[in-house]
Amino acid sequence: MSVRIVDVREVTKPISSPIRNAYIDFTKMTTSLVAVVTDVVRDGKRVVGYGFNSNGRYGQGGLIRERFAPRLLEADPTSLLDADGGNLDPDKVWSTLMSNEKPGGHGERSVAVGTIDMAVWDAVAKIAGKPLFRLLAERHGLTANPRVFVYAAGGYYYPGKDLGALRKEMRGYLDRGYNVVKMKIGGAPLAEDRERIEAVLKEIGSTAQLAVDANGRFDLETAIAYAKMLREYPLFWYEEAGDPLDYALQAALAEFYPGPMATGENLFSHQDARNLIRYGGMRPDRDWLQFDCALSYGLCEYQRTLEVLKTHGWSPSRCIPHGGHQMSLNIAAGLGLGGNESYPDLFQPYGGFPDGVRVEDGHIVMPELPGIGFEGKSDLYAEMKALAD
Ligand SMILES: O=C([O-])CC(=O)C(=O)O
Ligand SMILES: [Mg+2]
């Protein structure tokens, strides 16, 4: 049997909402939805792999249609296959996507490639007839663990949102089974953020922990001022204090913040991840890494990032990716990450879990669906199917 990619389709969809973090609002946010259509038939149906990019970066229809989809469709189909020709080889597909691309300058390109790469892995696992997390564990000689830690991200700034509304939002996450919640900081003066934090801590009591996210807003002085305030509270983590590429700031912050820090969602290559580990002062015994494959050249590149971490003495269990998508849930279950982000009320239908999956005690259990599992989420699959039909 041979396998051929017969089409790569893209549509840019809105995932807008009136929320705001310390840096951007999401009123114009979009995502690229991609379908990689193959000539393989499984259970009487053509195998189509699907992918999309995470929130925070916009849809990449231009790059995908002008540059990346044509490279795959123009390639010799046999050059994209694994050794016995029975499936696509994601690394060969990745190399074809990245042909004639110079190194460095990771940005929108890494989002376009990450989105297609997600669809390729979905197709590969479907052709293999397995959930992606099982396929990944097998490839790496690991035992999959379908029970994955998830936390609830929200706590955005929102017109008219007072402390009561913030507390209610957080209570809603606890009611849905989460035991770690996250809120935004840095979009209001420090004293006001302190009030917001105290209100949430009062609401969640000892049943949950709170993480805070500054979205890269602070200069060094402000990051340290916040560190001195935040270290008075038992926070789950202090996220993305300064500019994502300011490794010296991150390293200096460690001097003032003994608790866990988190960052990495805006680093888009294994080289950038390596620089964070080399120069960012991150501590493998307590800090968290949030690289998101959907924004950073996909799972082929994420595996290289995990290799870099290993070389520097970091366990994959210190990774809790940004983005709240099922792709990272599969990587977490297959390769032993520490968990995954989740946005219970935002970015639908792209984020979240297959229908019927419930959060219990801050964890979900992955269903045994072939591929990434998108077919198990009916609202998401309806959009995907419309693209492929
Ligand atoms: O507000 C955003 O851009 C999303 C974000 O940082 C996160 O989920 O950690
Ligand atoms: Mg963040």
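None of the values given here were measured: they were computed from a predicted structure.

## Thoughts on the side chain of T38
For step 1, the next point in the chain: As for its placement among the helices and strands, T38 is situated in strand β2 (residues 30–42).
For step 2, the next point in the chain: Among the polar contacts made by the side chain of T38, one reaches the main-chain carbonyl oxygen of V47 at a distance of 2.7 Å.
For step 3, the next point in the chain: Among all residues touching T38, those that are not within four sequence positions of it are R4, I5, V6, R46, V47 and A123.

## Things to note about the sheet that holds β2
For step 1, the next point in the chain: What the three strands build is an open sheet, ordered β1-β2-β3; its pairing is antiparallel. With one partner strand each, in any of the chains shown, β1 (5–14) and β3 (45–52) form the two edges of the open sheet. Pairwise comparison of adjacent strand axes, ignoring direction, gives a mean angle of 25 degrees for this sheet.
For step 2, the next point in the chain: Two elements, β1 and β2, share nine bridges in a ladder whose sense is antiparallel. For V11, the partnering residue across the bridge sits in β2 and is L33.
For step 3, the next point in the chain: Contacts from helix α1 (residues 61–74) reach β1 and β2, with the element oriented near 170 degrees to β1.
For step 4, the next point in the chain: In the packing of helix α12 (residues 378–388) onto the sheet, the strands contacted are β1, β2 and β3, and the crossing angle to β3 comes to about 115 degrees.

## Considering the pattern of salt bridges
For step 1, the next point in the chain: Following the criterion strictly, the structure yields 25 salt bridges and no others.
For step 2, the next point in the chain: In this structure, K184 and D213 form a salt bridge, with 2.7 Å as the shortest nitrogen-oxygen distance. Separated by 29 residues along the polypeptide, K184 in strand β5 (residues 180–184) and D213 in strand β6 (residues 209–213) bring together distant segments of the chain. Across the pair, exposure class does not vary: K184 and D213 are buried alike.
For step 3, the next point in the chain: Ionic pairing is found between R194 and E232, a salt bridge with its closest N-O pair at 3.2 Å. Taken together, the residues span a long stretch of sequence, with R194 in helix α6 (residues 190–204) and E232 in the loop between α7 (220–230) and β7 (237–239) at a distance of 38 residues.
For step 4, the next point in the chain: The class for R194 is partly exposed, based on a relative accessible area of 26%.
For step 5, the next point in the chain: Each member of the salt-bridge network shares a partner with another, and the members are K182, K184, D213, E239 and E341.

## Looking at the state of the cysteines
For step 1, the next point in the chain: With the rule as written, the count across this model stands at zero disulfides.
For step 2, the next point in the chain: The thiol of C300 is unpaired, and the distance to the nearest cysteine sulfur, on C293, comes to 10 Å.
For step 3, the next point in the chain: Under the relative-accessibility criterion, C300 is labelled buried at 1%.
For step 4, the next point in the chain: The closest cysteine sulfur to the non-disulfide-bonded C319 is located on C293, 11 Å from its own sulfur.

## Side note on unusual backbone geometry
For step 1, the next point in the chain: Note that the residue after Q348, namely P349, is joined by a cis bond; omega there is 5 degrees.
For step 2, the next point in the chain: Examined against the element boundaries, P349 turns out to sit in the loop between β10 (340–342) and β11 (363–365).
For step 3, the next point in the chain: Phi angles above zero are rare outside glycine, and Y297 is one such case at about 70 degrees.
For step 4, the next point in the chain: With respect to the helices and strands, the residue Y297 is situated in the loop between β9 (288–289) and α10 (298–311).

## A look at helix α3 (residues 108–128)
For step 1, the next point in the chain: Along its 21 residues, α3 runs 31 Å from first to last C-alpha, staying within 8% of the 30 Å computed at 1.5 Å per residue.
For step 2, the next point in the chain: Burial runs high along α3: 19 of the 21 residues are buried.
For step 3, the next point in the chain: Count one or two residues on from α3 and you reach G129, which has phi positive near 75 degrees.

## Considering the pairing of strand β4 (residues 147–153)
For step 1, the next point in the chain: Counting buried positions over the seven residues of β4 gives six, a clear majority of the element.
For step 2, the next point in the chain: Bridging between β4 and β11 involves three bridges; their strand directions are antiparallel. Bridging from a neighbouring strand, V148 pairs with I364 of β11.
For step 3, the next point in the chain: Bridging between β4 and β10 involves three bridges; their strand directions are parallel. By the bridge assignment, V150 is partnered in β10 with N340.

Cut-offs and rules
Residues numbered from 1 in each chain as written. Chains lettered and ligands numbered in written order. Predicted model: local features only at pLDDT ≥ 70, side-chain atom pairs only at ≥ 80, totals over all residues. Heavy atoms only, no water. Helix = DSSP H or I, 4+ residues; strand = E, 2+ residues; numbered from the N terminus. Polar contact = N/O pair within 3.5 Å; in protein donor to acceptor, adjacent residues only side chain to side chain. Contact = heavy atoms within 4.5 Å. Pairing = 2+ DSSP bridges. Axes fitted to C-alpha atoms, helices over the stretch in contact; angles between N-to-C directions. Salt bridge = Lys/Arg side-chain N within 4 Å of Asp/Glu carboxyl O. Buried < 20%, exposed > 50% of the residue type's maximum accessible area, 1.4 Å probe, protein only. Disulfide = S-S within 2.5 Å. Expected span 1.5 Å × (residues − 1).

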